[in-house]
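# Chain and residue survey
Here is how the chains run, residue by residue.
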Amino acid sequence: MRADRDVLISEVGPRDGLQSIQAILPTAAKKAWISAAAASGIAEVEVGSFVPASVLPQLADTAELVAHGRGISGLTVAVLVPNFKGAQAAVAAGAHKITVPLSVSETHSLRNVRRNHAQMLDEIRRIGELVNALPEGQRPHLEGSLSTAFGCTLEGVVPEKRVLELAVALMEAGCHEVGLSDTTGYANPAQVRRLVRALWSAVGRHQLSGIHLHNTRGLGLANAVAALEVGLNTFDASLGGLGGCPFAPGASGNIVTEDLVFMLEAMGLRTGIDYAALLAQRALLQQALPAEPLYGMVPLAGLPLGFQPASASPGSSKGS
Ligand code: ZN
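Presented here is an overview of the structure given in this document. Predicted model, so just to flag it, every value in this text is computed and none were measured.

### Concerning the environment of Ile 273
Within the element layout of this structure, Ile 273 appears in the loop between α10 (257-266) and α11 (275-288). On the basis of relative accessible area, Ile 273 is assigned to the buried category, the value being 4%. Ile 273 sits 232 residues away from Gly 41 along the chain, and the two C-alpha atoms are 4.4 Å apart.

Next up, the structure:
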């Protein structure tokens, strides 16, 4: 964590948001988004996913976006990879952080990546060997993300015991950290508190710092507060909640970056992100994707009169 912030927000819109919509955002517009995000104070952007273009043509330019992001001083460039081949491409491109998802729901795993748990863990072990064989200075951070950890649209209830077992397996496979992901928007705050604490007991406090939340049922920010209160400090979020879910009309995808930043800053927690610059990014995104609905309450309502963001308070390094 940088000294000028209490919470790290990772902007995942260019990956999670763009993979969920039909429109393909031109590479130039993606680069402009990534640059604007970094300029507004966002320290980490998930720029894409190394998957075959036949599967997700929206993300076919990921290598070019990694190169672009690497050119921005201080920005952590994150990518998602579903398999060893994707990890090789991510390493070759020079991504700083590689996230490999492992669906706790085996049915979802089979449907999503056509691999069961044993096969997926074999794949992750190979990725771990690839990454950990690199010299320390060139080694990307490898995160194993426990997706569908709070419930699955195919299996329903996902047993917490299974989440813990797979978290241990991910660490044994060579991951540096595990992440918790509410892929389906099923999580509630009590469950978030319970699962974070249980995972810390299973893999160690420093091996889980982040959470990926969706706002499908309107509990995204409540879940973020629950995670914050037990001590997590890294949150994925997406500008304008881009992505949505075709099966839940009006429901946004990821938690909305603008609303999350407002909430945290209002709570006195420094995100290091400039709110006005965030709104400018939102306007650019809307311009580039005129047919896509953007979500978020604060951009519609405006900031409260007299609002003082924590990041701009005296004593913070921004100081203005
Ligand atoms: Zn997601």
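### Quick look at empty space enclosed by the protein
Under the definition given, this model contains one cavity of 30 Å³ or more. Computed from the structure, the largest cavity encloses a volume of approximately 40 Å³. Lining the largest cavity, in full, are Pro 101, Leu 102, Ser 103, Ser 109, Asn 112, Val 113 and Ser 147. Here the residues of the lining of the largest cavity sort into three nonpolar, four polar and no charged.

### Re the sheet that holds strand β2 (residues 44-49)
Two strands in a sheet stick together by hydrogen bonds in their backbones, pointing the same way (parallel) or opposite ways (antiparallel). Taken in spatial order, the eight strands of this closed barrel run β1-β2-β3-β4-β5-β6-β7-β8, and their pairing is parallel. Each neighbouring strand pair of the sheet contributes to a mean axis angle of 30 degrees, computed without reference to strand direction. Two elements, strand β6 (residues 177-181) and strand β7 (residues 208-212), share three bridges in a ladder whose sense is parallel. Bridge pairing in β7 links Leu 180 to Ile 211. Taken strand by strand, α10 contacts β1 (8-11) and β8 (234-237), and its axis lies near 175 degrees from that of β1.

### Structural notes on the coordination of the zinc ion
Taken together, the protein donors to the zinc ion comprise Asp 16 (OD), His 212 (NE2) and His 214 (NE2), at separations of 1.9 to 2.1 Å. Counting gaps between the donor residues of the zinc ion yields the pattern D-x195-H-x1-H.

### Comments concerning the environment of Leu 25
Along the chain, Leu 25 turns up in the loop between α1 (13-19) and α2 (27-39). Given a relative accessible area of 3%, Leu 25 falls into the buried group. Residues Leu 25 and Leu 289, 264 residues apart in the sequence, show an inter-C-alpha distance of 7.3 Å. Beyond its immediate sequence surroundings of up to four residues, Leu 25 is in contact with Leu 18, Lys 30, Trp 33, Leu 285, Ala 288 and Leu 289.

### What about the nonpolar core?
The nonpolar side chains of soluble globular proteins are, as a tendency, buried together. With 86 residues, the main nonpolar core has Leu 146 and Leu 180 as its most contacted residues. Leaving out residues up to four positions away in the same chain, Leu 146 has contacts with Leu 102, Val 104, Val 163, Leu 166, Ala 167, Leu 170, Val 178, Gly 179, Leu 180, Ser 181 and Leu 199.

### Thoughts on the pattern of salt bridges
Here the structure, examined in full by the defined rule, presents 14 salt bridges. Glu 64 is the partner of Lys 31 in a salt bridge, and the nearest nitrogen-oxygen pair spans 2.8 Å. Here Lys 31, found in helix α2, pairs with Glu 64, found in helix α3 (residues 62-70); they are 33 residues apart in sequence, far enough to count as distant. The partner of Arg 125 in a salt bridge is Asp 122, with the nearest N and O atoms 2.7 Å apart. A residue pair is termed a helical-turn pair when its members lie 3 or 4 positions apart in one helix, as Arg 125 and Asp 122 do in helix α6 (residues 117-132) at three residues. Residue class for Arg 125 comes out partly exposed when judged on its relative accessible area of 36%. Classification of Asp 122 by relative accessible area gives partly exposed; the value is 43%. Overlapping salt bridges, with partners in common, bring together Arg 15, Asp 16 and Glu 46 in one network.

Calculation criteria
- Residues numbered from 1 in each chain as written.
- Predicted model: local features only at pLDDT ≥ 70, side-chain atom pairs only at ≥ 80, totals over all residues.
- Heavy atoms only, no water.
- Helix = DSSP H or I, 4+ residues; strand = E, 2+ residues; numbered from the N terminus.
- Buried < 20%, exposed > 50% of the residue type's maximum accessible area, 1.4 Å probe, protein only.
- 1 Å grid on protein atoms, 1.4 Å probe; cavity = no way out; pocket = protein on both sides within 12 Å on 5 of 7 lines; lining within 4 Å.
- Points joined across faces, edges and corners; volume = space filled by probe spheres on them.
- Nonpolar A, V, L, I, M, F, W, Y, C, P; charged D, E, K, R; others polar.
- Pairing = 2+ DSSP bridges.
- Axes fitted to C-alpha atoms, helices over the stretch in contact; angles between N-to-C directions.
- Contact = heavy atoms within 4.5 Å.
- Donors = N, O, S within 2.8 Å, 3.2 Å for Na, K, Ca; no water.
- Core = buried A, V, L, I, M, F, W, Y, C linked by side-chain atoms within 4.5 Å.
- Salt bridge = Lys/Arg side-chain N within 4 Å of Asp/Glu carboxyl O.

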